[in-house]
Each structure stands twice: as structure tokens, then as C-alpha cells.
Amino acid sequence: MDVSLLHQYRRDRRRLLSFLLSSGIIKEIRTSTGIVTSISDADLDFLSTDYVLDCIKSGAVLDVSTAIEKFHEASAYPVMIHSKLGDSYFLLSDPSSAGSPPRRTPPPVMVSNTNHHVSRSASALHTSSPQAADVRIEVNNVKDVGPATPSLNSSKNISIRPIGLPPITAGLSDDGVQELAYEILLTSLTFSGIEVYKSDYKRKDKSSKFLRGSKSKRERDIQECPPDRHSKLLDTIRSQMQISEAFDLCIRRRLMQIASLRSCEGIDIPSVLLGLLNGIYVTYFPSEKSYMQWKNRQVQVLEELLSFANDKIKQREMRTLFARIYSMEWDSTMSPSERTEVLSAVERVVSALSSIPPRFGIPDESYYWSSGYHVNIRLYEKLLFGLFDILEEGQLIEEADDVLKLIKSTWSILGINQQLHYALFGWVLFQQFVGTNEPVLLDYALVQLQKFFSEDNIEKNEEEYMESLLCSIDTPTKLSLTQSICLSISTWCDNKLQDYHLNFSQNPDLFRMTLMLAFTVEHFCTDEHVENTLADSEAQGTKMDFKKLTNYVRRSIQAACQRAASTMDIDSELGRTYPLAQLANKLRLITERELNVFCPVLRQWDPTAGRDSAIILHQYFGERLKPFLEGITSLSEEVRSVLPAADMLNRNLTQLLSSTYNTNGVGYSQQLQHYQIGEVCKPLVLDWIIDQQAHILEWAGRAFELEDWEPLSHQQRQAASAVEVFRITEETVDQLFGLNLPMDKTHLQALLSVIFHTLDMYLVKVVNLLVEKHHLYPATPPLTRYEETILQVMKKKLVSNMHIEVEITDKLNRLTISKLCVILNTLQYMQRQIGALEDGIKNSWALVQPSEYKQFCTSEDSKLTDEESIRELFAATFDCIKDTASIAIKKFREFTGAKVVFWDLRDSFLFHLYSGSVEGAGMDSVLHYFDTVLNQVCGLIDESTRDPIVLSIFKASLEGFVWVLLDGGPSRAFSLSDITVMEDDLKILKDFFIADGEGLPRSLAEKEASFAHQVLNLFTLQTESLVQMLMTASKHIAVIKDREKHRNGYQGDAHTFIRVLCHKKDREASKFLKRQYELPASSEYEDPTSDKSQFATDLLKRSASVRWSGSGQGNLNSFKQKLQRATSEIRHTAW
């Protein structure tokens, strides 16, 4: 149908009704405010012509409210024509495109007064008529007739509950609200400095002005547009809100005049209306009637905003003033001075009210924010509805963002803040979604409401202001505007979600968004006063709460179980599987659908939803499984089919139930009588695990005995035996969990015990390959004092090594550097595999373990929950294995470093360095040996353990360097000039292992070499200082049994001072040692086993070189006494 014909029909209808009402043939016209003589064009659009004609025929009083109610009732039916040929009706679509009519009898249809196609000018969100308040969103105007949007769901349509704003008692029509909203928008833009009227501006393309705001971008681009961007946007808004050009130009011109005469401060709606009344006359309008309608609407709004309910005298005064403006004399016989006097009187009242101090102290707040909020909110809603395309109401116009910026300029006049904007925009988007079923609008609405709830920086005064905007929801209980909006949305969502399987089975995304919207607003609707309101209401589904959600789940699950049971026997007859196993599989699919489709969203707010569905499914299948379990006598094919299927169902139900456990898991599990699958399978599975233990231990032992400690490949540098041990272990684990039978903690303990004994046995065998470290160190040479001699009597003979058993020597020789590297790689590999094995078992157990033990644990006296006990069981097993592996790695690292320095490089490093002279046997002569060893180690060792093993060799080399300084024997004596060379040698050694930043960190190398530096510093001290330090340290001399403690000791140890004096090339030191300790001269030393020398050696040898025996302990005590006597003598006599 052509749109121009619709406009023509609307105009003709208005003219006809206007003639009938003004001709005097109607006895009386009555509205909610009393008897009136005329009705605005906007109100004429909602009057039933049949009712008006019946009143004329019967001579009855015409009740405007009844006429509007009749109109809405008739709008739900097609337009009819009653003629002699029969009743006819108009179709909204082409009948030829629908095909032939159906032959079946149509089902009965429940008549509803609600049509969900939202119109722009006649949505009737807040009509003044009480009868029309239940209409919600309807098509009230013929101009919006268009193709209906198909529903997204097959379920019934559900109307929106009104938010209950206070009614406009002045009888303001819906079109009047829309025109007023447009005036307020123009006012805010005008006083914001935007030029809304130009005298030389002429409208173009008048023939298409109605559709201009809704045409496609391409069509608009072809037309000539106004040069100013704001003018273009205003023209779009005018078209969207269906404002006539004449009215638009009139308002713009007058607003520009007002803006030139006063400042923008203190602008409010009554001031704007008075300014317009004072400057707009009947000649500005195309007809006197249109002017009268506009003037009466202005006065109606003033009546609404300037009502004095508590002041009867003031109320009468205002009525008198408004009656003079209403009268016909206003534009005919009343002089300009008289009109000015009337408007001035009203303006004084407006000014007085405007001067009232702000109630909440908000910037730009005016008296009318609170007194006229029901008008302000309706105006702002009308502006927001203008963002939707009038021809495609499910879509926003392309200029929506820019238009919205202009709309926000009305905030200071209408009392809107950011929070209210979010709430109202979300409410408008939601209403449009319900009317058009366009999911994107629901998504937009959800975003706006989430912004509303997530705003944290709201001021207290603004919060109090929003709480003062009260609404009524069909009861005396008052709610704030935002609460009422949330309640209306929550009610609609609740009605839709009462059967989410029906309404959202084909559209889970819409289910998710609807549920998110419901829970977004739900917390705002749970106040006590809201709950009391809902308790008094008979409407169904007024609140989304946990109890109703439980009912939804129960009804859906019960229906699904019935369908599964109805096909169980059919599938069994077809020979697919056993009936009970088939039922378990079907119920498992239902559980997975509930878990994966619906519960992920439901559990965000109500974890008990999973509990209820799990309980229903568990009980349903349990009633059929129990007699089957009682009849099991052997592991038949049916048993092997039914029990795993039942256990898988049980595990899935446990997953569904797990979200409700937390601290209440035991209480919930009491509602379930767990399946007896575990009791049937437990002994069989346990016997299988025990049988595997002997097999695994035997296999691991054979693999170790055959090991030659060669790497598998260049990439896999670990030994083959460890790979084999983990292979057989992992196969056992896979076989156990592959049975798909339920297990409890006993089975897990048995499995972990098998793994522990297997890996522990292998690690013990590996560690037993080592030799005690003290066998690596050479015997400590005897202590001597330096003495120069002309005759060359000093021999280069070193102290012979301690006697080592042949078996130990063979073990040391077999432990080559390459094998030690492979063993370290193997231990490192085992450490990684132990963690991977633990994770694998935990993951597998997580799928099996909840089947019974955790789910149905009812022991309230247990100190640890089942989850904690399982963690402790894993920790007790794998932490012990990991600790054993870590200790083994540490031992092999330390052993490797010590063996390289003190065994493999004994002759080339320990016995060669500084032997005879410092310059002739310096560090440069031995570094190439370390280079060879490090190249071999780095080529064999795994990258992850390379730095630790290099550090171990570096620490051993420093230990060897200190051994040379303190236990080097008679062949080594150092002068002060030698110390400088030795300090350079120590730096060379550190730089060698640092390797220009590619080796050890410099800070770490410096830290490890600190003791060596301390010892070298002692050699630079004067002999007198060393003697004094020895004297002080002798007071605290003690037995040092720990070899490592002395090796990494401190420079204040008495043993260290004695050895420094022994190796110091200084006559005073030699004299002191000869007098006080009777040590032999180094040049005279021949027999390392002489009594005196051996006595001093036994007394002063460091724990790093030999361990003290019982007799040695006695010798040390005697030496301590002798040392103390000597130092006492030193204190009293000069030496």
C-alpha cells in the first residue's frame, strides 16, 4: 500500500471525527480531567469511529477513555467493511504469494490485545488512559503498517509489563509527548550554541520528506543535502519523529529569538513553554486548529509541571491563569498587554519554583527534575525511540551515534545522568527487541544495562536522586524507576524461561542472552519490598529466582528421560546394544547436553541447577540398575557393557553435580544412593593391580642389569633402561584406566605403590654406582716449616696416596666422565618423566575417581576431605620419588666435579700446580686439561643440566686450588711476590669458567671464589698479624668433623692460620713454627711417616683430607692443649 494513501486516510479520518465532535450533535465529551469541548488531532487518532457513531445515534455521553479502549480492541483485528454483499477485510500482504489456503481446520486461538510490532509514534508506552495502560507495545497508527516480522521462536508471544510511571493527568497524548520531546531537543541544541534556524534556508524535496530519514544511504547521497552537518542530523531526527516542516520551522525560529534574549543558565521546560507561548501566534500555523492543538498541549504540560496539590489557593490561581490561556479570547479579543500579564504571572510562579534550592545538590539540578520526572522520562524515551528506522524497526539508523550525541544535550533540562541514560536506553532497546524479535537489539540492551550495573563512580547525591524517581507496579508499593525497569525486564525473561527447552531449543545463543539479561537485572529486583510486591501479585513468572529455575530443570529433565525410555526397547530389538546400556548412553547424552549447552550459563548464577538435574537422572537410572547389579554372578558380556556405560553416566552426573559441592558436597550426596558398581568391581581390579607389581619390578630390574650407560641418540641423551622403565609403567597405568571400571582410593593407593617401588628400586640401583667422595681426595702431606738451604736437599717426593680397595678403584675407573654424564642425563630425564607421569595419572584419575568415592563420601568425622587426602597421597608418593631423584642428581653432580679435579686431574693439576715454583708451574700450564674435560662434558650433558655440572667442576677446581695453598706439602712455599702471581692465576681460572659471558655468571663465580681470595689475602699479611690471629682463634679451636664445613670455612680458623704459616716463605714464620710447634724444615723432610711429622699431620690435617678416628681425636685434643700453651707463652714473651 502506498504510504501517501495512508497519510490521506489519517487526515480524512481526523477531519471526519473533528467535524462530528465540533458540530454539537454529541451531547457531551468527557475525559479523565472533566468535560472538554475539543480533542487534539493526536487524540483523534486513538478514538474508535464506531463508538463515536454509536454515541451520536444513541445520544449518549462520549467517554474518551472508552473510545480509546474500543480503538485498541479493534486494532487487534483486520480492518472490516460491512456491506450488503457481506463482510470484507483488508490483507497486509499479497494473497497470491501465500498459495492456496490450508484444508485442515484451524486450531482455536486465544484472542490477545497485544501486537508486538512496535510503532514509532503510537507505541503507547505510557498512555494517560488507565484502560490503555495494559496495551504495552502496539500498532496504534495506520502509518506503521508493514510486513510483520516472523517470530524467532515457536513459543507464544509474551508482552512487556509497564514500568508504572505516574500518569500525566493533564491528558497529554502520545503525539503531544513526541512533539514536546522534539521541542526540548531543539531547545537544548539552541542554547548549546548550535544554529538550528537560518533565514535563507529552504526545504527541498518536499514530496519525500516523510521517508527521507529512513532511506538508504545511497538514496540520500543522491539528493541535495543541507551544507551544515547539524542541520542534516536535525532533519533526520525530524523525519524519524514525524514532525511537520511547518511546525519545525516555527519552533526553530522562535527558539533562536529566545536564545538571543537570555542566557543558557536556568533553562527548564516551563520556561521554554512560556517563551514559545509568548512569541508564537496563530498566524505561524497553517490552520487555526493546528495552532489550538499546539497551544493546548503547551498549557497541558504547564498544568502537569506546575500543579500544587497541597496548596488549594495556589492551585485555583493557576487554574484561572491556565483557563485564560485555554480560552478562545487569548488569540482574538485579548490584548497583548493582557496576555503578557497572564504569562508574567505564570512566569513568576515558574521562577519561584526554579529558585528553590536543589534537593540533591547536583550541578544544573532544577526543581522540575523531581516534580516532573514522569514527563521528563517519557520525553527522553521518545527521543531514544527516534534512533530506530521507521521502516525497519529492528535496525538502528546509520546516524544513530551522532544523533545520540545530540540527544544527550537534553540531560540538563530533563534531569538525565549517565546512569539513567544507560538504564533508559537499555529499556528502550529491550522494548524494541520484544516488538521486532531482532537478537542484536537484545545484545545492545544487555550492553547498556551492564554498563548501568557496572558503574561504580556514582555520587551519593545522584544515587539518592535516582531513588526518588518512583514508579508503581499495579500495587501501592513504590519502586524506583531503575528498579521498575529491571522488574519489567525480569518478568518478561522469567516468562520466556519457564520452558527454555521449548523456547530456545533451536536458538541457544538467544537463550544465553536472555538468561544473561535476566540475571543482569535479577539482583536489582530482589529487595524485600519487591519480593513483597511479587508475593501479592497473581502474575506468573514475576521473578527469576533459584526455586523457579529448579522447576524449569526438573520439568525438562523428566521429559527427556521419558523420551529416552520410550526408545530403549526399540533399540534393543534392533540388536544395537543391551537395553540398560542403551538407556545409560542416552541419559549420558542428555547429561552432556545439559552440562554443555545450558549449565555453563546457569551455573554462573545458580550452581544448584546442575545438582537438581543430576539427582533426577541419577535416581531415574538407579531404579533400573539396582536389580541388574544384584543379579551379577560373573563378568559376562552384558556386565562388561552395562557397568562401564553406567559408570560413565555416573561420572558425567558427578561432573554436573560437582559445582554444588564445595563445603556442602556431603550434604548433597546424601540425597543420592550411589550405584553399587564399585562394590562389584573393586576386588577384581585390585587383584589385577597386585599381579602387575611383580611383573613390573622384574622387568625394571632386568633393564638395569643390561644397561651399559650409553646415550640412546644425539637428541635423546638418556639411558635406554630408564625409558624402558617408564614405558612399562605408563602401559600399566593406561591398561588400568582403560578398563573403564569404577575405582576408589584403594585402587589408587595400590597403583601408586607399584609406581613408587619400581622407580625407587631403579634410583637406588643408580645411586649405588657411586663411591664415597673421601676416596677421591689424596692424603694430606705432613706439615713443615719453610727453611732455605744452600745444599739442595728438598725432594719433590709427594705423600703417597691412601690405600684404596681394588673394588673401589675399579668402580672409580668404570665411572668415566661420559658415563657420569649419561647418568646425569638419565636422572634429569626421570625427574621430568616423574612429573609427566604424575600429571597423567591425575588427569586419568579425575575422570574415574569422582564415580563413587568422592561423590558419595559421607564420613563426617574425617579430618581431611577426600580431595585433600588424594592430594596427600599423590604428594607422599611422587614428592618422595622426586626428592630421591633430586638427591641423586646432587650427589652425581658433586661427585663428577670432585672426580674430575681430585681423581682424573690429580697429577696434572693438584700435584703439578706451583710444585717447586709458582712461575714455573702456574695456572696457564694446567688450564688446557680443564678445557679438554669441559668440552667432553658439554658435548655429552643435556642442555638443562649443563650449567650445574660446570659449576660443580668450578667449585671442585677452587677446592683444589685451596688444597694446593694449604695442603700442598713441603714442595710448596709462597713469597709475597708469588701471591700476586697466584691472584692473577685465580682470576684466570674464574675467567676461564665465565667464558666471556657464555659460561657461569660472573657474580656466581666471584661468590664461589671468595674463600680462595680470603686464603690468598692471609698470605699477604705480616707474620706478626697472623700469629696474633692464631692466638685469638686458638681460644675457640674445636673439632671439625664435617669435611665440607672446613673446606668452605672461614679465614679465622686456627687450622687455616697454621697452614698459611707453614707455606709462607718467611723466616719469622719458620722461626715461630720451630719454637712453638717444633715442626721440621721442609728441606729436611724425607720420611712422611716420621713420628713428629706424622704427629703434626694428624693434628692439623683438615677434615677435607681425612676423617678423624678415635685415636686421632685424642691427638687433636692434646694438640689443642699444646697450641693453647704456646699462644699463652706468646702473650707473655716476645718471640
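Residues numbered from 1 in each chain as written. Predicted model: local features only at pLDDT ≥ 70, side-chain atom pairs only at ≥ 80, totals over all residues. Heavy atoms only, no water.

1. A few points about the overall build of the protein
Argument step 1. When you go through the protein residue by residue, the secondary structure sums to 46 helices and seven strands.
Argument step 2. Taken over 1135 residues, the protein has a buried fraction of 50%.
Argument step 3. The contacts in the protein between residues at least 6 apart in sequence include a share of 78% that link residues at least 24 apart.
Argument step 4. Of the accessible surface of the protein, which amounts to about 54200 Å², a share of 51% is contributed by carbon and sulfur atoms. (Helix = DSSP H or I, 4+ residues; strand = E, 2+ residues; numbered from the N terminus. Buried < 20%, exposed > 50% of the residue type's maximum accessible area, 1.4 Å probe, protein only. Contact = heavy atoms within 4.5 Å. Areas by Shrake-Rupley, 256 points an atom, 1.4 Å probe, with all protein chains shown as cover.)

2. Remarks on the nonpolar core
Argument step 1. Membership of the largest hydrophobic core comes to 282 residues, with the highest contact counts inside it found for Phe 430, Leu 481, Leu 587, Phe 621, Leu 625 and Ile 841.
Argument step 2. Discounting residues that sit within four places of it in the chain, Phe 430 has contacts with Ile 160, Leu 442, Ala 445, Ile 489, Trp 492 and Leu 517.
Argument step 3. In terms of nonpolar packing, the next biggest core, distinct from the first, is built from 16 residues, Ile 29, Phe 46, Leu 47 and Phe 71 among them. (Core = buried A, V, L, I, M, F, W, Y, C linked by side-chain atoms within 4.5 Å.)

3. A short note on the packing of aromatic side chains
Argument step 1. Across all of its chains, the model carries 29 aromatic pairs by this definition.
Argument step 2. Between Phe 452 and Phe 453, the ring centres sit 4.9 Å apart and the planes meet at 65°, which makes this aromatic pair edge-to-face.
Argument step 3. Relative accessible area serves as the criterion here: at 6%, Phe 452 is assigned to the buried category.
Argument step 4. Its relative accessible area of 21% is what places Phe 453 among the partly exposed residues.
Argument step 5. On the basis of an interplanar angle of 75° and a centroid distance of 6.2 Å, the ring pair of Tyr 914 and Phe 961 is categorised as edge-to-face. Pair noted here: Tyr 914 is in the loop between helix 35 (906-910) and helix 36 (927-940) and Phe 961 is in helix 37 (residues 946-967), with a separation of 47 residues, a long-range link. Neither Tyr 914 nor Phe 961 differs from the other in exposure class; each is buried. (Phe/Tyr/Trp six-rings, centres within 6.5 Å; stacked < 30°, edge-to-face > 60°.)

4. Things to note about helix 36
Argument step 1. Between its terminal C-alpha atoms helix 36 stretches 20 Å, which fits the 20 Å expected from 14 residues at 1.5 Å a residue.
Argument step 2. All of the buried residues along helix 36 are Leu 927, Phe 930, Val 933, Leu 934 and Val 937. Along the long axis of helix 36, the arc covered by the buried residues comes to 120°, so they all point the same way. Projecting away from the buried face of helix 36 at angles above 90 degrees are the exposed residues Thr 932 and Asn 935.
Argument step 3. Looking at the buried positions of helix 36, the neighbouring elements they touch are helix 33 (817-848), helix 34 (866-904), helix 35, helix 37 and helix 38 (976-994). (Expected span 1.5 Å × (residues − 1). Arc of directions from axis to C-beta.)

5. Details of unusual backbone geometry
Argument step 1. The residue Asp 364 is not glycine, and still its phi comes out positive at about 65°.
Argument step 2. Locating Asp 364 in the fold gives a position in the loop between helix 12 (336-354) and helix 13 (367-371).
Argument step 3. Of the residues examined, Asp 364 reaches a relative accessible area of 61% and is grouped as exposed.

6. Considering the pattern of salt bridges
Side-chain pairs of opposite charge can arise whenever the charged atoms involved come near each other.
Argument step 1. Tallying each qualifying case throughout the model produces 23 salt bridges.
Argument step 2. Note that Arg 297 and Glu 183 form a salt bridge whose closest N and O atoms lie 3.0 Å from each other. One end of the pair, Arg 297, is in helix 10 (residues 288-305); the other, Glu 183, is in helix 5 (residues 174-190), with 114 residues separating them in the sequence. Across the pair, exposure class does not vary: Arg 297 and Glu 183 are buried alike.
Argument step 3. Salt bridges sharing common partners tie together Glu 179, Glu 183 and Arg 297. (Salt bridge = Lys/Arg side-chain N within 4 Å of Asp/Glu carboxyl O.)

7. Observations concerning the packing of helix 38 against helix 40 (residues 1010-1019)
Two quantities define a packed helix pair, namely the angle between the helix axes and the distance between the axes.
Argument step 1. Interhelical geometry of helix 38 versus helix 40 gives an angle of 170° and a closest axis separation of 9 Å. By the angle between their directions, the pair helix 38 and helix 40 is classed as roughly antiparallel. In this structure, helix 38 uses Leu 976, Ile 979, Met 982, Glu 983, Leu 986 and Lys 990 to contact helix 40, whose residues at the interface are Ala 1012, His 1013, Leu 1016, Asn 1017 and Phe 1019.
Argument step 2. Taken together, the residues that form the contact of helix 38 with helix 40 break down as seven nonpolar, two polar and two charged. (Axes fitted to C-alpha atoms, helices over the stretch in contact; angles between N-to-C directions. Parallel < 35°, antiparallel > 145°, perpendicular 65-115°, else oblique. Nonpolar A, V, L, I, M, F, W, Y, C, P; charged D, E, K, R; others polar.)

8. Brief notes about the environment of Thr 491
Argument step 1. With respect to the helices, strands and loops of the structure, Thr 491 is situated in helix 20 (residues 481-497).
Argument step 2. A relative accessible area of 7% places Thr 491 in the buried class.
Argument step 3. Separated by 332 residues in the primary sequence, Thr 491 and Ser 159 have C-alpha atoms spaced 9.7 Å apart.

9. Brief notes about helix 40
Argument step 1. Residues of helix 40 that are buried include every one of Phe 1011, Ala 1012, Val 1015, Leu 1016, Leu 1018 and Phe 1019, and no others. Buried residues of helix 40, viewed axially, fall in a sector of 155°; they line one side.

10. Notes on the packing of helix 5 against helix 7 (residues 229-241)
Argument step 1. One can describe the packing of helix 5 onto helix 7 by two numbers: an axis separation of 11 Å at closest approach and a directional angle of 170°. Here helix 7 runs roughly antiparallel to helix 5, going by the angle between their axes. Contact residues: Gln 178, Ala 181, Tyr 182, Leu 185, Leu 186 and Leu 189 in helix 5; Leu 234, Ile 237, Arg 238 and Met 241 in helix 7.
Argument step 2. Residues of the contact of helix 5 with helix 7, tallied by class, amount to eight nonpolar, one polar and one charged.

11. Comments concerning the side chain of Ser 613
Argument step 1. Checked against the element boundaries, Ser 613 lands in helix 26 (residues 608-630).
Argument step 2. Among the residues examined, Ser 613 registers a relative accessible area of 0% and is labelled buried.
Argument step 3. When neighbours within four sequence positions are excluded, Ser 613 is seen to be in contact with Val 553, Ile 557, Glu 594 and Leu 656.

12. Quick look at the side chain of Ser 957
Argument step 1. Mapped onto the elements of the fold, Ser 957 is located in helix 37.
Argument step 2. Relative accessible area serves as the criterion here: at 0%, Ser 957 is assigned to the buried category.

13. Brief notes about the environment of Leu 751
Argument step 1. Within the fold, Leu 751 resides in helix 31 (residues 745-767).
Argument step 2. With 62 residues separating them in the primary sequence, Leu 751 and Ile 689 have C-alpha atoms 6.5 Å apart.

14. What to know about the confidence of the model for the protein
Argument step 1. Averaged over all residues, the pLDDT of the protein is 76; the fraction at 70 or higher stands at 74%.
Argument step 2. In this model residues 791-796 is a low-confidence stretch, pLDDT under 50, and it forms seven contacts with partners more than four residues away in sequence or in other chains.
Argument step 3. Segment residues 1086-1120 is flagged for pLDDT under 50; beyond a separation of four residues in sequence, or across chains, it makes 63 contacts in the model. (pLDDT = per-residue confidence, 0-100.)

15. Thoughts on the environment of Phe 874
Argument step 1. Tracing the sequence through the fold places Phe 874 in helix 34.
Argument step 2. For Phe 874, a relative accessible area of 3% puts it in the buried group.
Argument step 3. Sequence-wise, Phe 874 and Glu 838 are 36 residues apart; in three dimensions their C-alpha atoms are separated by 7.7 Å.
Argument step 4. When residues no more than four places from it in sequence are discounted, the contact partners of Phe 874 are Leu 748, Leu 752, Glu 838, Ile 841, Lys 842 and Asp 879.

16. Structural notes on the state of the cysteines
Should the sulfur atoms of two cysteines be covalently bonded, the bond is a disulfide.
Argument step 1. What the rule picks out here adds up to zero disulfides.
Argument step 2. Unpaired in this structure, Cys 821 has its nearest cysteine sulfur neighbour in Cys 938, at a distance of 8.6 Å. (Disulfide = S-S within 2.5 Å.)

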